[in-house]
Amino acid sequence: RELIEEIERAEKSGEQDIIASIIPVKGFEEFSSEVEKHLNALNFPNGGRVTFSESDWDIVISGRRRTSHGKGVRAITHAAFSLVLLSYCLRLKMPHPNFVIIDSPLVVYREPDTDDSNMPLDVKNHFYKDIAISFVESQVIVLENEDPPKELSESDACNLIIFTKASEGRYGFIPIV
């Protein structure tokens, strides 16, 4: 809390040097590098170099602000940011509740059109696989409107709950009374 208050005071006063002394540049670089690796694991198209913008407090992908992309790319990159923040905090033994809830990161994402048949674009499948592999010691809850890959639902890598809104299976998040 003290660190958050100190950063907020520095932001209000415009003293970027104070913020830089609180959060070293090396931390931004390490975090950005982890986001870049995570996006590469997702087969994220045109990912390129990931950096951190201290003015926006957000990631920049290949020199382009995350917020300048469409909503599908923004949703996936926001999920990547949140997941990497979880793993980064745990690795450095920084405070974190050890779980992340991600709401609809894939439903609006569309694979880019490509003529290159050698370019793998199954970002959605890789998204789930990466979570199942990389976050075994954490809890990641993904609320999504599309079905996950079939092989994931048949494995023991995750606890998959599908809300059916029918008499079979689980009706919804909140039980019917």
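Before reading further, recall that the structure is shown in the block above.
This is a predicted model, so every value here is computed, not measured.

Draft legend 1. Representation of the nonpolar core within the structure. With 31 residues, the main nonpolar core has Phe31, Leu39, Ile59 and Phe127 as its most contacted residues. Looking at this core, the elements that each hand over two or more residues are helix 3 (25-41), strand 1 (50-53), strand 2 (58-61), helix 4 (71-91), strand 4 (99-103) and helix 5 (123-134). Here the element with the most residues in this core is helix 4; it accounts for 9 residues. Contact partners of Phe31, with chain neighbours within four places excluded, come to Phe52, Ile59, Phe81, Val84, Leu85 and Tyr88.

Draft legend 2. Quick look at the sheet that holds strand 3 (residues 64-65). Across the sheet, which stays open at both edges, the 3 strands sit in the order 1-2-3 with antiparallel pairing between neighbours. Across the chains shown, the open sheet's two edge strands, defined by having one partner strand only, are strand 1 and strand 3. Sheet topology note: the strand 2/strand 3 ladder contains 2 bridges and is antiparallel. Within strand 3, the residue paired with Val60 across the bridge is Arg65. Each of strand 1 and strand 2 is contacted by helix 3, which is oriented at about 135° to strand 1, the strand it contacts most.

Draft legend 3. Representation of helix 4. The end-to-end C-alpha distance of helix 4, which contains 21 residues, comes to 30 Å, matching closely the 30 Å that a straight helix rising 1.5 Å per residue would cover. Looking one or two residues beyond helix 4, the residue adopting positive phi is Lys93, at roughly 55°.

Draft legend 4. Region of interest: the packing of aromatic side chains. Scanning the entire structure with this criterion turns up 7 aromatic pairs. Between Phe52 and Trp57, the aromatic rings sit 5.9 Å apart at their centres with planes inclined by 80°, giving edge-to-face as the arrangement. Overall, Phe52 belongs to the buried group, its relative accessible area being 16%. Relative accessible area serves as the criterion here: at 28%, Trp57 is assigned to the partly exposed category. An angle of 80° between the planes, with centres 5.7 Å apart, marks the rings of Phe127 and Tyr128 as edge-to-face. Here Phe127 falls in the buried class, since its relative accessible area comes to 0%. Pairwise contacts between aromatic rings join Phe28, Phe31, Phe52, Trp57, Phe81 and Tyr88 into one cluster.

Draft legend 5. Inspection of the environment of Ile161 at higher detail. Of note, Ile161 is situated in the segment after helix 6 (150-153). Separated by 18 residues in sequence, Ile161 and Leu143 place their C-alpha atoms 9.7 Å apart.

Draft legend 6. Layout of unusual backbone geometry. One non-glycine residue, Asn43, lies in positive phi territory at about 60°. Relative to the helices and strands, Asn43 is located in the loop between helix 3 and strand 1. A positive phi angle is found at Lys165, which is not glycine, with a value near 55°. Following the sequence through the fold, Lys165 ends up in the segment after helix 6. On the accessibility criterion, Lys165 (64% relative accessible area) is exposed.

The rules behind each value
Residues numbered from 1 in each chain as written. Predicted model: local features only at pLDDT ≥ 70, side-chain atom pairs only at ≥ 80, totals over all residues. Heavy atoms only, no water. Core = buried A, V, L, I, M, F, W, Y, C linked by side-chain atoms within 4.5 Å. Buried < 20%, exposed > 50% of the residue type's maximum accessible area, 1.4 Å probe, protein only. Helix = DSSP H or I, 4+ residues; strand = E, 2+ residues; numbered from the N terminus. Contact = heavy atoms within 4.5 Å. Pairing = 2+ DSSP bridges. Axes fitted to C-alpha atoms, helices over the stretch in contact; angles between N-to-C directions. Expected span 1.5 Å × (residues − 1). Phe/Tyr/Trp six-rings, centres within 6.5 Å; stacked < 30°, edge-to-face > 60°.

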